[in-house]
Each structure stands twice: as C-alpha cells, then as structure tokens.
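Okay, here's what each chain looks like letter by letter:
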Amino acid sequence: MQDPTSRSDSDQGRVEVKETTCYMCACRCGIRVTLRDGEIRHIEGNPDHPLNKGAICAKGSSGIMKQYSPARLTKPLLRKQGAERGSSEFEEISWEHAFELIEGRLSKIRAEDPKKFALFTGRDQMQALTGMFAKQFGTPNYSAHGGFCSVNMAAGMIYTIGGSFWEFGGPDLDRAKLFIMIGTAEDHHSNPLKIALADFKRRGGRFISINPIRTGYSAIADEWVPIKPGTDGALIMAITHELIKQGLYDRDFLIKYTNSAELVVDDPSRDDHGLFRRFEMHIEEGCFDPENKLWWDIDLDREISTHTPGVDPRLMGEFKLEDGTPVKPAFQLLKDRVEEYTPEWAAHITGIPADTIRRLAHEMGVVARDQKIELPIQWTDTWGNDHDSVIGNPVAFHAMRGLAAHSNGFQSIRALSILMTLLGTIDRPGGFRHKAPFPRPIPPCPKPPNGPEAVQPNTPLDGMPLGWPSKPDDLFVDEDGEAVRLDKAFSWEYPLSVHGLMHNVITNAWRGDPYKIDTLLLFMANMAWNSSMNTENVRKMLTDKDESGEYKIPFLIVADAFQSETVAFADLVLPDTTYLERHDAMSMLDRPISEFDGPVDSVRIPVVPPRGDCKPFQEVLIELGSRLGLPAFVKEDGSRKFRDYPDFIVNYETSPGSGIGFLAGWRGKGGEKFLKGDPNPRQWEMYKENGCFYHYELPKSYQYMRNWNRGYLEWARAHSMIRYAEPITIHLYSEVLQRFRLAAQGKWPGRIPP
Amino acid sequence: MTQLALVIDLNVCVGCHACVTSCKEWNTSGWAGPLTDQRPYDADPTGVFFNRVQTYEAGVFPNTETYHFPKSCLHCEDPPCVPVCPTGASYKREDNGVVLVDYDKCIGCKYCSWACPYGAREFDEQQKVMKKCTLCIDRITDMSLPESERKPACVLACPTRARIYGDIHDPDSEVSVAIREQGGYPLQPEWGTKPSNHYLPRRKTRIQIHEDELVRVDNPLKKEALPTLPEAGETLDDVAW
C-alpha cells in the first residue's frame with residue numbers, strides 16, 4: 001500500500017466542498033458536504049454554525065446512506081389499473097401526467113367543498129408553506145405530525161410561560177448550576193444539548209435525570225431518579241407542594257412577573273367563579289393580558305390595582321372585595337390545589353421515595369435562592385422601571401416527550417412550567433431562556449376559524465388551519481358543536497390540539513366521521529408504519545371498500561423520498577428529493593433555529609442534483625398552487641407568479657409590501673435589512689456565502705426577561721415579530737382553562753358544549 | 001518519539017455513536033477503506049467498523065450506572081499484534097506511533113486479532129484482510145487540511161467533545177494534561193501492552209443541604225403571616241397590683 005502520509009485525500013478525484021443544513025433529524029445542524037467526482041465523499045459538521053459548532057451526530061454522518069439508499073423513489077408512480085392498494089403494483093408516469101391528475105381532482109374539490117381535500121405532513125420543516133397551501137386551497141384539514149409528538153410540550157408551556165422547550169426555548173446550561181432533565185432521551189434537540197450538557201458537566205454543574213430508563217444523556221447524570229412512566233406530573237406536584245411548604249419560591253418574581261398575586265373570584269355559585277376579578281377600563285382589543293386586575297395590598301388590607309408602584313400584595317389568603325365578592329390570589333389556589341399532593345402521596349404513584357422527592361425540592365429551591373447570578377446588564381421593564389442588572393436563579397430544566405406523549409401530558413407540562421416559574425427561572429440566566437420569535441402572548445394571537453362558514457368553495461380558508469384558542473368561542477365547531485376539521489382538532493373533544501391530530505385522520509376519513517373526504521395527500525408521513533400507533537388497522541382502513549366497491553378513502557397521494565410502507569397503499573406516488581438535493585427555508589414564520597441570544601434562520605441549498613425524476617415537494621406545491629390559481633401563487637390575471645420555489649422564497653410577502661417573508665436575513669433590495677424588508681434578489685446567494693444561516697444577535701439588554709423587557713418587546717414589535725409590546729404575564733393560574741371549565745358547567749356566556 | 005493517541009472522557013460520553021458513523025463514513029472512502037458491509041439493507045446486517053461504542057449496565061437497581069464505552073485500536077506502545085504478524089503487514093509507525101495494517105502484505109491469518117487483548121481488530125470478510133482504526137492517518141498527516149481539521153473524524157464529530165486527540169509523549173499536550181489531572185487510565189495495563197489511548201473516569205457532583213439552610217430569615221412565608229392580634233381577655237394590667 002502507498003504510504004498514507006504521502007497522499008492527500010483531496011487529490012483523489014475532483015473534490016468540492018459545499019455547505020447546507022442537515023435533515024437527518026429535526027435539529028437542522030449546519031453541515032459541510034465533501035463531494036468527490038460529484039458523489040458524496042463525506043458529511044461533517046460546520047464549525048462556524050451557531051447550532052452545532054462543528055459537531056455532527058450519528059445520523060448526520062450517515063446522511064450518505066439516505067442519499068444512496070436503494071429504497072429511493074425516482075419516478076412518479078400511478079397504481080396500476082386493477083391492482084389493489086397495498087400490492088405495490090405501479091406504473092411509472094410523467095410529472096405532467098401526475099400534475100394533470102392532481103389538478104383535475106383538486107380543482108373539482110376546491111370548487112365544490114374544499115374540506116374534502118386533506119393535507120397532512122410528517123416531520124415537515126416547511127409548515128409555513130404546507131400550511132399556507134392548505135389555507136390558500138381553502139381546506140382546514142392540514143397539520144404536521146406534532147399532534148402525536150410534542151404538542152403537549154408546546155401547548156402546556158406556551159399556555160403558561162409564552163414559550164416552550166426545543167425550538168422556542170431551552171435550558172441555559174452555560175450558567176445553570178443545577179440541571180434537571182425529565183423524560184428526555186437522546187433527541188430534541190440533539191447536538192446543541194449534548195454540547196451544552198458536556199460543558200455543564202465539565203464546569204461541575206449537577207445533573208439530575210428523571211427517567212424510567214437510564215440511557216443516552218441519563219448515563220452521565222450525577223443522579224438518576226427512576227420514575228414510573230407517565231407519572232411525572234405527580235412528582236412535579238409533590239415538589240411544588242414541598243417548595244410552597246418550605247417557602248422556597250421566588251416571591252418577588254411571582255408578584256412582578258406572573259399572575260400569582262392577582263385576585264380570582266372564589267364563589268362556586270357565581271358564573272364568574274374562577275375568573276380574575278377585573279375592573280372596568282378602556283381596553284384596546286388585542287391578544288394580550290390587559291392590566292385591569294387586582295392585588296390585595298398587605299398594608300392597606302384592601303384591593304388595589306395590580307402593579308401599583310410601592311405596593312406589596314398578598315400571595316396567600318382569602319378576602320372579600322369592597323362589593324362583597326369573595327376572592328383568592330391565584331397563588332392561594334395553587335397552594336390549595338397541591339395541599340394534598342404530599343411527597344408520600346407521590347411516592348406511591350411515581351415509585352420515588354418521599355425523602356428523595358423532598359430532597360429534590362430542597363436542592364432546586366436552595367440552589368435557586370442561594371446561588372443567584374447577577375449579570376451587570378441594564379434593562380427596562382414594561383412598567384418603566386430601570387434595572388441595573390439581570391438576576392438569575394440557576395436551576396434549569398429540560399423535558400420532552402417523556403412528559404408530552406401521554407394523555408396527561410398537557411397538565412404535566414403545565415405543572416412543570418409552574419414549577420420553573422415558582423423557582424423564578426423564566427428567561428433568566430441559568431434557567432429557561434426563550435428563542436425568537438418567542439415569547440409570544442399567552443396564548444399566541446393566531447386563531448383557527450370558529451365556524452363552518454370559514455370553508456367556502458374556491459376561497460382561501462378564513463383563518464389559520466392551526467391556532468391558539470383562548471376561549472370556547474375560538475373552537476372550530478359548527479352550531480351543533482360538531483368538529484369542522486376532519487381530525488376534530490379544536491373541537492370540544494380536543495380543544496387545545498394546537499398541532500392538529502394527524503393520527504386521527506385516516507380513522508376519521510375511513511369512518512366518515514365527521515364527514516367523508518375525497519383526497520388525502522400525505523407528505524413524508526409513514527402512517528402505515530410508525531406514525532399512527534395503529535399500523536395494522538391503518539392498512540386495513542386504507543384498503544377498505546364501501547358497498548359499491550370503491551375505497552372508503554377515495555384517493556391517496558403519497559409524497560416521499562423512499563419506498564415507505566405507506567407508499568404501497570398510494571394511488572399516486574410523488575418522488576421527493578433528499579435534503580441534499582433541494583432548496584429549503586427554516587423560516588421565522590414556522591420553527592426557526594434561533595439561539596437564546598437572538599433570531600437565527602437557515603436554508604438548504606442543493607449539493608447534488610436530484611436523482612432520477614425526483615422533484616422537491618416544495619416545487620410540487622408551487623406548481624399546484626399556480627395551476628389551481630390559489631391567490632398567493634398567481635398574479636391578478638391568474639398567471640403564474642413564481643418561477644419556482646427559490647423564486648417564491650425570495651419574493652413572497654405575507655401581504656403585498658409587508659416586508660415579511662420566509663427568510664429573515666439579508667432582506668431589503670441590497671440585503672441591508674433583516675426580519676423585515678423588501679425582497680432581495682440575491683438573498684439565496686447571501687445565505688450561501690454565510691454558511692446557509694442568518695444569525696442576528698440581540699443587544700445584551702434585550703436577551704433576558706423578554707416577557708417584560710420593554711426594549712426587547714418594542715424591538716420585536718418594530719421588526720414585526722409580535723403585534724403588541726405588552727407584558728407577557730406568566731399564567732401561573734390559567735384563566736383560559738377555567739373558561740372551558742365554566743362552559744362545561746353551563747356557566748360560560750358564549751359557546752357551551754352540546 | 002511522538003505517540004499520537006485518543007483520550008476518551010467517559011464523564012461526558014452519552015453513547016450517541018457519532019464517532020462510530022463519522023469514522024465509518026470517512027474511512028470507508030479513504031486510504032484504509034472500504035469498511036465493507038454485508039447485507040447493509042437486509043436482516044442481520046454486519047460489517048467492518050474501526051470504532052464501536054459498547055454499552056454496559058452496572059450495579060443493582062436503583063443504584064445502577066450505564067456506561068457508554070467507545071473502543072477502537074489503542075495504538076499500544078508495545079503492540080502485541082505487530083510481532084505475531086508473519087508478513088510484516090501489521091506495523092507501528094516510527095514517526096507518530098500509529099499502528100497500521102498494510103493490506104497488500106496481509107494474508108488474513110488473523111494472528112494479530114488473537115494477539116490483541118482488546119478485540120480492536122476487524123476482519124473484512126469480503127477482502128479477507130485485517131482492518132482497524134488508523135487514527136485517520138489520512139487526515140492527521142494531510143498537510144493540505146487546515147490544522148484545526150488535521151484530527152481523526154471521530155474527534156471532529158463528537159458532540160460532547162469527549163474525544164481528545166494528541167501526543168501523549170508531549171507533557172504539555174492537551175491529552176497529557178487531561179491524563180495527569182483527571183485521572184486518565186489505560187485499559188488492562190497488566191497485559192504490558194502500554195496502550196496509548198486513555199480513558200477519563202466518571203465524576204459525580206453532589207449538593208449537600210443542611211437543615212439550617214432550608215429556612216432563612218427572608219423566607220417569603222413570613223410575608224404572608226396575617227397580623228395576629230392578642231386575644232381579648234385578662235392581662236397583667238388587669239390583675240397585677
């Protein structure tokens with residue numbers, strides 16, 4: 001053999017190095033792909049990328065296996081005449097033929113009843129486009145896979161603190177001293193968490209892992225606390241009980257930044273029981289918490305407007321307002337609620353000894369209280385008070401599907417958010433920190449439509465297919481209280497299913513409950529294998545026929561890069577490209593890859609040409625949108641507006657002249673603006689020159705306390721990330737949930753369940 | 001003499017296998033490739049890996065530990081695989097101490113794998129030659145690469161930076177300092193092979209909370225104590241004379 005030191009790998013063939021973004025999991029690390037004679041030689045992490053800083057995981061390095069997999073689809077396929085679904089008997093057809101088939105079918109559906117077209121996607125990283133396509137088509141039947149994945153994590157936290165783990169926020173391990181990880185294995189997110197965790201351990205931070213099994217990250221935990229699956233909520237309630245009992249909560253934080261001291265009507269006989277007592281004032285209609293609520297002043301021993309300067313309110317007690325209304329501070333309701341949830345009670349449920357639960361509570365409470373961090377960063381709160389420093393209580397948490405993917409997930413995660421709040425750790429150093437575009441109002445402004453009239457022939461959907469209900473009247477139901485969406489999201493059954501319920505789609509379509517559909521388009525979603533928790537029956541439903549011998553789900557289109565199990569059941573198969581063969585935008589309109597210090601978004605730029613006749617699904621949507629004449633994709637005269645997907649990404653604006661598009665970086669005619677600005681024809685090139693990502697670092701004074709940071713909120717409003725620069729008060733007590741409870745009790749003045 | 005080696009920090013290794021696949025990907029198309037796979041897309045796939053992560057559980061529930069243990073050729077200072085080779089295919093480089101196999105000389109007799117006490121050698125069933133970790137010899141000696149990238153693929157990939165690479169004979173190198181200061185140890189030193197690769201042990205951080213730290217004078221519960229007025233009734237003012 002030749003001496004290895006006398007040769008260079010780069011001399012073997014024609015070598016090129018290109019940068020793009022990984023898609024072997026959902027983390028979206030920056031990668032460098034080396035090509036030899038046009039084929040992929042190897043993939044490594046991009047050392048300049050803010051997310052992975054050069055690291056690459058086992059999946060990322062294995063991207064080459066996906067690229068050259070023998071299971072790749074390379075041609076559009078049509079189920080053979082007479083062949084049964086599931087038999088995988090297809091004929092290859094041209095894209096033109098495929099588009100004609102889809103166009104014919106969908107234009108008819110759109111003219112008659114757009115909701116008979118359903119578009120559901122898997123771990124889709126362009127939901128801003130797929131969701132927009134559905135809205136433009138006019139169907140409410142759209143979502144990605146979140147409904148059976150992390151929706152409880154997003155909803156439970158966003159409905160409590162205005163942000164959530166992973167894409168929208170995370171543990172600040174750079175400054176934390178105690179880190180508690182619950183129900184997380186090796187993902188969500190992967191490389192950034194591994195990098196931070198290793199540095200945290202090296203600095204001597206204490207890492208506790210609460211998990212039924214000791215795998216992955218848990219292996220290096222200083223302490224592993226084994227817990228029975230699905231009982232995390234009980235543990236968290238017991239810890240909360242102990243923290244309150246010992247007085248180990250951050251009183252100052254709770255009073256200023258949460259609704260803990262706000263007075264709640266406490267009289268079960270009244271219709272406003274459990275709602276905040278509000279006084280009358282002029283309120284601009286918006287999706288923020290108006291400051292028209294009351295505290296109980298310790299000194300005056302009477303009610304007083306919240307945030308009255310110099311007032312110290314009570315967190316505990318029960319009081320009578322001047323008009324005789326019995327009230328309690330929200331914190332007292334929490335205290336009442338957890339009274340019975342003692343460590344002994346939780347020990348029985350979780351399998352964790354009561355003494356361990358108490359010790360965990362004490363560690364959290366004492367570290368948060370006694371090891372405070374003070375950063376010399378000036379900032380101003382939304383009430384106009386100047387602060388000379390940012391305070392941090394250095395206890396950080398991270399949790400994922402171990403909590404989220406249970407039927408009690410929403411409440412477990414709300415309990416975790418409350419625990420993090422009690423310790424005073426929200427958007428503070430060493431605790432939980434937000435990532436742009438979060439924090440957002442609680443709940444965020446976008447709402448689903450609230451009635452069937454939002455679905456009209458040949459008309460875009462009046463509202464967003466997915467949104468954030470804040471009251472029963474925001475539910476997407478008809479006069480009889482029946483769901484308008486096929487998956488029954490935002491119905492009385494699933495009121496806060498903010499990511500939709502993809503796992504219901506095939507079953508409901510098959511049953512015709514709430515109605516039958518015509519065409520189901522699945523993108524990168526293997527419902528006949530692992531995405532439905534019901535693989536065998538999904539296959540039966542996809543092949544089941546009605547009395548007339550027609551399939552109960554009449555037409556199934558599957559877009560995928562691989563011959564998945566579901567592909568076998570498709571009537572029409574659209575071969576997608578791999579992530580290395582296409583343009584993509586990880587958009588601020590969807591789930592960007594922001595860091596704690598500011599917004600980050602990224603793109604993919606092809607490093608190799610598509611294999612065979614593969615076409616990126618993005619291009620398929622642009623083509624279909626143009627052919628179907630969906631308003632966002634055509635000019636006024638009905639002609640095609642965008643040449644292709646890259647052209648769409650550059651030139652699309654949320655409304656004409658809004659300056660808001662898919663990519664935040666290098667906007668403005670010459671790329672001189674960010675977040676908001678005119679389309680820039682050279683935007684893709686500028687991303688390419690910058691490693692395929694855009695990172696805007698906020699001034700230090702805007703990096704913390706963002707729920708109540710005037711400078712940050714006004715900056716965010718100026719850059720159109722939020723609509724109101726109003727404080728985002730943490731919902732220790734959720735009045736939103738109480739509104740639904742009152743509706744169930746028949747006490748809500750608006751919609752009540754059937 | 002230079003002795004290049006890896007120091008692997010078991011305190012932070014989470015067993016993610018990034019080192020395994022990045023190694024395989026780099027080396028299969030490199031000087032020491034291919035790392036042949038058999039039945040890669042079928043049942044029971046198997047193949048050549050230069051680096052594997054073995055995972056062990058130790059202890060009795062609930063006092064258990066999970067160890068992720070990455071293992072590759074340890075580039076011994078006195079490698080037993082070298083003298084047993086009948087053709088001279090198995091050799092140790094004099095310039096940097098890396099142990100290599102020359103496939104052109106290898107006859108696939110497997111003596112070296114029997115001699116290696118660590119099970120670090122991998123036989124390529126297709127090419128019928130012995131293969132093993134080269135410490136990415138075609139990266140670390142490639143002067144056309146920037147210095148920051150003249151490292152084994154596994155080291156560059158590792159998300160927890162659990163793999164440190166350098167010269168263990170240089171007392172000031174990062175690897176030597178880590179071994180010295182963090183209790184780095186070789187595997188099975190009793191075999192006398194003087195493995196160059198070292199491992200850093202697990203370290204635990206604990207917090208001790210004394211009872212008197214639990215309640216402080218500024219305990220917020222005190223704020224909530226309602227003012228208590230003395231009960232009406234007799235006082236000394238009423239009865240003393």
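Residues numbered from 1 in each chain as written. Chains lettered and ligands numbered in written order. Predicted model: local features only at pLDDT ≥ 70, side-chain atom pairs only at ≥ 80, totals over all residues. Heavy atoms only, no water.

Tracing the backbone through its elements, the reader meets Ser8 of chain A in the segment before strand E1 (15-21). Within the local environment of Ser8 of chain A, its side chain forms a polar contact with the side chain of Asp142 of chain B, the two groups lying 2.8 Å apart. Apart from the residues lying within four places of it in its own chain, the contact partners of Ser8 of chain A are Asp142 and Ser144 of chain B. (Helix = DSSP H or I, 4+ residues; strand = E, 2+ residues; numbered from the N terminus. Polar contact = N/O pair within 3.5 Å; in protein donor to acceptor, adjacent residues only side chain to side chain. Contact = heavy atoms within 4.5 Å.)

The subject of this paragraph is a negative patch on the surface. Taken together, the side chains of Glu453, Asp462, Glu479 and Asp480 of chain A present a region of like negative charge at the surface. On the basis of relative accessible area, Glu479 of chain A is assigned to the exposed category, the value being 84%. (Patch = residues over 30% accessible without salt bridge, like charges linked within 9 Å, V, L, I, M, F, W, Y side chains within 5 Å. Areas by Shrake-Rupley, 256 points an atom, 1.4 Å probe, with all protein chains shown as cover. Salt bridge = Lys/Arg side-chain N within 4 Å of Asp/Glu carboxyl O. Lys, Arg positive; Asp, Glu negative; His and termini not counted. Charge placed at Lys NZ, Arg CZ, Asp CG, Glu CD. Buried < 20%, exposed > 50% of the residue type's maximum accessible area, 1.4 Å probe, protein only.)

The next thing to look at is the domain arrangement of chain A. Taken domain by domain, chain A holds domain 1 (4-67), domain 2 (77-150 + 450-580), domain 3 (151-248 + 339-434) and domain 4 (251-336). One C-alpha centre belongs to domain 1 of chain A, the other to domain 4 of chain A, and the line joining them spans 56 Å. (Domains from an automatic or database assignment.)

So, about the packing of helix H7 (residues 232-246) of chain A against helix H9 (residues 330-338) of chain A. All names here are of chain A. Packing of H7 against H9 brings their axes to within 9 Å, and their N-to-C directions diverge by 120 degrees. Considered as vectors, H7 and H9 are oriented oblique to each other. By crossing handedness, the relation of H7 to H9 is classed as left-handed. Across the interface between the two elements, Met237, Thr240, His241 and Ile244 from H7 touch Phe331, Leu334, Lys335 and Val338 from H9. When the residues that make up the contact of H7 with H9 are grouped by side-chain class, the tally is 5 nonpolar, 2 polar and 1 charged. (Axes fitted to C-alpha atoms, helices over the stretch in contact; angles between N-to-C directions. Parallel < 35°, antiparallel > 145°, perpendicular 65-115°, else oblique. Left-handed = near helix turned anticlockwise from the far one by under 90°. Nonpolar A, V, L, I, M, F, W, Y, C, P; charged D, E, K, R; others polar.)

Let us now look at the sheet that holds strand E16 (residues 326-329) of chain A. Residue and element names in this part refer to chain A. Reading across from one edge, E12-E16-E15 is the order of the 3 strands in this open sheet, with antiparallel pairing throughout. Strands at the two margins of the open sheet, each flanked by one partner only, are strand E12 (263-265) and strand E15 (319-320). Bridge count for E15 against E16 is 2 bridges, and the pairing is antiparallel. When the bridges of E16 are listed, Phe319 appears paired with Val327. (Pairing = 2+ DSSP bridges.)

All names here are of chain A. Taking every second residue as pointing to the same face, both faces of strand E13 (residues 294-297) are buried, with Leu294 and Trp296 on one and Trp295 and Asp297 on the other. Inspection of the sheet shows E13 paired to strand E14 (residues 302-305) by 4 bridges, in the antiparallel sense. Residue pairing in the sheet places Asp297 in a bridge with Arg302 of E14. Count of turn residues in the E13/E14 antiparallel hairpin: 4 residues, of which Asp301 carries a positive phi of about 55 degrees.

Listed per partner, the contact involves 66 residues of chain A and 64 residues of chain B. In total, about 5300 Å² of surface goes out of reach between chain A and chain B, with carbon and sulfur atoms giving 53% of it. Of all residues in chain A, the largest losses of buried area upon contact with chain B belong to Met1, Pro4 and Arg202 of chain A, amounting jointly to 14% of the total for that side. Residue Asp370 of chain A pairs with Arg216 of chain B through a salt bridge whose shortest N-O separation is 2.7 Å. Between chain A and chain B we count 33 residue pairs in polar contact (both at pLDDT 80 or more) in total. At the level of secondary structure, the elements contributing two or more residues to the side of chain A that touches chain B comprise strand E2 (30-36), strand E3 (39-45), helix H1 (58-61), helix H2 (63-67), helix H6 (191-202), H7 and helix H11 (354-370) of chain A. When grouped by side-chain class, the residues that make up the side of chain A that touches chain B number 28 nonpolar, 17 polar and 21 charged. (Buried area = accessible area lost by both parts, 1.4 Å probe.)

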